[in-house]
Amino acid sequence: MLLLFTLSKVKISVYYFINIKNYRPYHKFTWPRRRNKVDIRIIKTENAPAAKTLFSQAVRAGDTLYVSGQLPIDMKTGLIPTDIREQVRCSMNNISEVLKAAGGSLENAVRMTIYLKDLDTFDSVNEVYASYFKESLPARTTVEVARLPKDALIEIDCIAAL
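Residues numbered from 1 in each chain as written. Predicted model: local features only at pLDDT ≥ 70, side-chain atom pairs only at ≥ 80, totals over all residues. Heavy atoms only, no water.

This part covers helix H2 (residues 122-130). When H2 is considered as a whole, its buried residues turn out to be Ser124, Val125, Val128 and Tyr129. Looking straight down H2, one finds that the buried residues subtend no more than 130 degrees of arc, so they occupy a single side. In this structure, H2 carries Asp123 and Glu127 as exposed residues pointing more than 90 degrees from its buried face. Against the buried residues of H2 lie helix H1 (84-101), strand S7 (109-116), strand S8 (139-144) and strand S9 (154-161). (Buried < 20%, exposed > 50% of the residue type's maximum accessible area, 1.4 Å probe, protein only. Helix = DSSP H or I, 4+ residues; strand = E, 2+ residues; numbered from the N terminus. Arc of directions from axis to C-beta. Contact = heavy atoms within 4.5 Å.)

Given below as structure tokens:
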């Protein structure tokens, strides 16, 4: 019996070449590549704006939650407020509702990204943003962008450890 091993990116194959009558000339045995399976779940809630395009409100992969960028849509009116402080409140409330739907809270947030249309509003944003956290603040990046969907002044996304 002759053994021949072949390696590829996906699997390891072993070919057995056997000289026995009434048996196939060779038999291919394949070991599947081992992968650590991570439980991936889509998180949806009616208490935050629904994703109208091709993305989810949040995706939970194992114990990590990735919350999509939340626009400052007021869930009571369905409109975006004009004041930057109100827009920060709406975005943070929407993130909080998505985190709650996944079984967490803002205390679980480890990373936030804030997209601002105008960096001159940075101080006002910080003032409202700080009121949502009691002890530990998550890591954060704030960037100025040219334009946001629905002409919002702010959009915030989040990564949380649940």
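Following the structure, the description resumes.
This paragraph deals with the sheet that holds strand S5 (residues 58-61). Backbone hydrogen bonds are what pair the strands of a sheet, in a parallel or an antiparallel way. With respect to topology, six strands assemble into an open sheet ordered S4-S5-S6-S9-S7-S8, the strand pairing being mixed. Because the sheet does not close on itself, it has two edges, and the strands there are strand S4 (40-43) and S8. Adjacent strand axes in the sheet meet at a mean angle of 15 degrees when their direction is disregarded. Where S7 meets S9, seven bridges bridge the pair, whose relative direction is antiparallel. Residue pairing across strands places Ala109 opposite Ala160, the latter belonging to S9. (Pairing = 2+ DSSP bridges. Axes fitted to C-alpha atoms, helices over the stretch in contact; angles between N-to-C directions.)

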